[in-house]
Amino acid sequence: MFDRDHEWAALRGFISDGQPGATLGVVSGRRRQGKTYLLEAACQAAGGFYFGATEATDAESLRRISTSLTEHVRPASPYHFAGWAEVIDALLALGRERPVPVVLDEFPYLARANPELPSIVQEALRPRRPERAESRARLLLCGSALSFMGKLLAGNAPLRGRAGLDLLVRPLDHQLAAQFWGITDPRLAMQVHAIVGGTPAYRREFARGDSPSGPDDFDSWVTRTVLNPESPLFREARYLLAEEPDLRDTTLYLSVLASVAEGNATRGGMANYLERKAADIGHPINVLEDAGLLHRDDDVFRANRPTFRIAEPLIAFYHAIMRPVWDQLERPGAAERVWRASQRRFASNILGPHFEQVCRDWALHHADPDVLGGLPARVGHGVVHDPRTRANYEVDVAAVGIADGGKPPLLAIGEAKWNDTMGIAHLDRLRQIRDVIGNAGRYDVRETRLLCFSGAGFNDRIQDVADNSDDVVLVALPQLYA
């Protein structure tokens, strides 16, 4: 098992809790993140029961779990469950002698075939019910459909307030992904992460362990894996949408994602791209957000001006690079020619925005607070308007500190350039923006630091200024991966 120490510790603590009474846990996360691996390993370590659901009718699922539980328990006579209330009670009975994990994986499949199932689980876990009180089963419901799993414990859902564990298994961040892929060159690591993100299965299963051997092998790796029609990675972006139960008419959702991949990050921009009214695309945007495919970023400097980005790098790559030339890519041997023609688009539509997001993630999760001048409460981006010149300035990275009664401190603002060697002009621009923000009065900018992120490096002049200044910080690729 690579990483996942936090997730394993959370599962271990939940499963080994010796308190009386059966308890409920929920494990969610996008597909291919290793949830099933974790849960099967936990059941194996603790002698628990694991059942992986499939897309099937309710009757077929009942037959399958009857057979599976019979093989696990080996009772005097085989189980033949007539309904899920009987199943849940039989699962709770597994924990009569000791705490034991009981896993129902891909729970959304079961609930889709029988919408009453969450209510049945709720009734089975009623606080004073003898079957629950006499059991120490640790029932774990797992699913990859984030739109469904996110609502399982929310609002007026039947299971709200019943769960003692709500574990989200996230993709690996850029640093862990580089380690997982065995890549030590930071530029190469960023390029690979911009395509496949931090999904573990994409290396071990989909690419069969094929990782770029070095910077010179990157182009060849792209053509022999992601752009190869015989590779599972080739159609994975399409399958990710098809696996979400709430995305019934995928045409509109594909178009919304394509508009974002084209650089239309605002609701109005998407509406113009699709030639629709902004109100007409509100529902698909919300559905894509619930499914974890689209992420909303609030503007740090302007209220109610959110922008959107595609949360899964492989989907962004598919829409920006693959979908426009899909007919060509399906022809064997065309990948190399298509990839040569896509270099500029890859740099501007994929690498540039992805680099900016990694810089924000680094500032929030990895940067030493001393570098930023404090612990950030949030890190985002936004647009600063100068009323004097009527100019708008985009800020790639903005770290906001914790407000202690007064104005929130703006710890740092930064600019991120993937292919540009940064110099004094970039620093002067940040200084000007800092002055405009200070005049607006929303943030305290007295200690605001200026961050320059570059994938190509810095010239000698800006390096000299940074060496002799307390408010200028230069962050190159090695620092992002340190």
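Placed above this text is the structure.
Predicted model only: the values in this text are computed from it and were never measured.

For the pair helix α14 (residues 250-261) and helix α15 (residues 267-274), the least separation of the axes is 9 Å and the interaxial angle reads 115°. Considering the relative orientation of α14 and α15, their crossing is right-handed. Two secondary-structure elements touch here, α14 through Leu-252, Ser-255, Val-256, Ala-258, Ser-259 and Val-260 and α15 through Met-270, Tyr-273 and Leu-274.

Another point: the packing of aromatic side chains. Two aromatic rings are characterised by how far apart their centres lie and by the angle between their planes. According to the stated counting rule, one finds 16 aromatic pairs in the structure shown. When the ring of Tyr-79 is compared with that of Phe-81, the centres are 5.1 Å apart and the planes differ by 15°; the resulting orientation is stacked. Overall, the relative accessible area of 23% leaves Tyr-79 in the partly exposed class. A relative accessible area of 12% places Phe-81 in the buried class. On the numbers, 5.8 Å between centres and 80° between planes, the contact of Trp-362 with Phe-453 is edge-to-face. Placement of Trp-362 in helix α20 (residues 343-366) and of Phe-453 in strand β11 (residues 449-454) is noted, with a sequence separation of 91 residues between them. Considered together, Trp-362 and Phe-453 belong to a single accessibility category, that of buried residues. Three or more aromatic residues link up through ring pairs in this structure, and these residues are Trp-181, Phe-218, Trp-221, Phe-317, Trp-339 and Phe-346.

Attention shifts here to the pattern of salt bridges. By the definition in use, this model includes 20 salt bridges. In this structure, Arg-235 engages Glu-330 in a salt bridge whose closest nitrogen and oxygen atoms are separated by 3.8 Å. Highlighted residues: Arg-235 in helix α13 (residues 233-242) and Glu-330 in the loop between α18 (326-329) and α19 (335-341), separated in sequence by 95 residues. With relative accessibility at 27%, the residue Arg-235 sits in the partly exposed group.

Time to look at the sheet that holds strand β12 (residues 472-476). Strand order across the open sheet formed by 5 strands is β8-β9-β10-β11-β12, with mixed pairing between neighbours. Where the open sheet ends on each side, the last strands, each with one partner, are β8 (378-386) and β12. Across the sheet, the axes of successive neighbouring strands diverge by a mean angle of 30°, strand direction being ignored. For strand β9 (residues 391-400) and strand β10 (residues 410-417), the ladder comprises 4 bridges, and the chain directions are antiparallel. Its bridge partner being in β10, Ala-399 is matched across the sheet by Ala-412.

Attention shifts here to the sheet that holds strand β1 (residues 23-28). One open sheet accounts for 5 strands, arranged β2-β3-β4-β1-β5; its pairing is parallel. Taken across any chain shown, the strands that pair with only one partner, and hence form the sheet edges, are β2 (49-52) and β5 (163-168). For this sheet the average axis-to-axis angle between neighbouring strands, irrespective of direction, equals 15°. Of the strand pairs in this sheet, β1 and strand β4 (residues 137-143) are connected by 6 bridges, and their pairing is parallel. When the sheet's bridge partners are listed, Ser-28 is paired in β4 with Gly-143. Here helix α1 (residues 5-16) sits on the sheet in contact with β1, β3 (100-105), β4 and β5, set at roughly 165° to β5.

The subject of this paragraph is unusual backbone geometry. Positioned with a positive phi, Arg-4 is a non-glycine residue whose angle comes to about 55°. Relative to the assigned elements, Arg-4 resides in the segment before α1. Of note in the backbone geometry, Glu-106 takes a positive phi value of approximately 55° without being a glycine. Following the sequence through the fold, Glu-106 ends up in the loop between β3 and α5 (107-113). By relative accessible area, Glu-106 is classed as buried at 12%.

Let's shift gears to the environment of Phe-2. Its location among the elements puts Phe-2 in the segment before α1. What makes Phe-2 partly exposed here is its relative accessible area of 24%.

A few words on helix α17 (residues 313-322). Of all 10 residues in α17, 10 are buried, a share of seventy percent or more. For α17, the full list of buried residues reads Pro-313, Leu-314, Ile-315, Ala-316, Phe-317, Tyr-318, His-319, Ala-320, Ile-321 and Met-322.

Time to look at the side chain of Arg-4. You can call Arg-4 buried: its relative accessible area is 5%. There is a polar contact of 2.6 Å between the side chain of Arg-4 and the backbone oxygen of Arg-170. Not counting chain neighbours up to four residues away, the residues in contact with Arg-4 comprise Gln-33, Leu-38, Val-169, Arg-170, Pro-171, Leu-172 and Pro-200.

This part takes up the side chain of Ser-231. By the element assignment, Ser-231 lies in the loop between α12 (218-224) and α13. Taking relative accessible area as the criterion, Ser-231 reaches 9% and is therefore assigned buried. The contacts of Ser-231, once residues within four sequence positions are left out, are Phe-206 and Thr-225.

A few words now on the pairing of β1. In summary, the side chains of a regular strand alternate between the two faces of the sheet. Taking burial as the measure, the 6 residues of β1 include 6 buried ones, the bulk of the element. Because side chains alternate across β1, one face comprises the buried residues Thr-23, Gly-25 and Val-27, and the other comprises Leu-24, Val-26 and Ser-28, equally buried. As judged from the 5 bridges shared by β1 and β5, these two strands associate in the parallel manner. Its bridge partner lying in β5, Val-27 is registered against Leu-167.

This brings us to the environment of Asp-444. Residue position: Asp-444 is located in the loop between α22 (424-440) and β11. Asp-444 sits 43 residues away from Gly-401 along the chain, and the two C-alpha atoms are 9.7 Å apart. If sequence neighbours within four positions are ignored, Asp-444 has contacts with Lys-407, Pro-408, Pro-409 and Leu-410. Within polar-contact distance, the side chain of Asp-444 engages the side chain of Arg-446 at 2.8 Å.

So, how was this worked out
- Residues numbered from 1 in each chain as written.
- Predicted model: local features only at pLDDT ≥ 70, side-chain atom pairs only at ≥ 80, totals over all residues.
- Heavy atoms only, no water.
- Axes fitted to C-alpha atoms, helices over the stretch in contact; angles between N-to-C directions.
- Helix = DSSP H or I, 4+ residues; strand = E, 2+ residues; numbered from the N terminus.
- Left-handed = near helix turned anticlockwise from the far one by under 90°.
- Contact = heavy atoms within 4.5 Å.
- Phe/Tyr/Trp six-rings, centres within 6.5 Å; stacked < 30°, edge-to-face > 60°.
- Buried < 20%, exposed > 50% of the residue type's maximum accessible area, 1.4 Å probe, protein only.
- Salt bridge = Lys/Arg side-chain N within 4 Å of Asp/Glu carboxyl O.
- Pairing = 2+ DSSP bridges.
- Polar contact = N/O pair within 3.5 Å; in protein donor to acceptor, adjacent residues only side chain to side chain.

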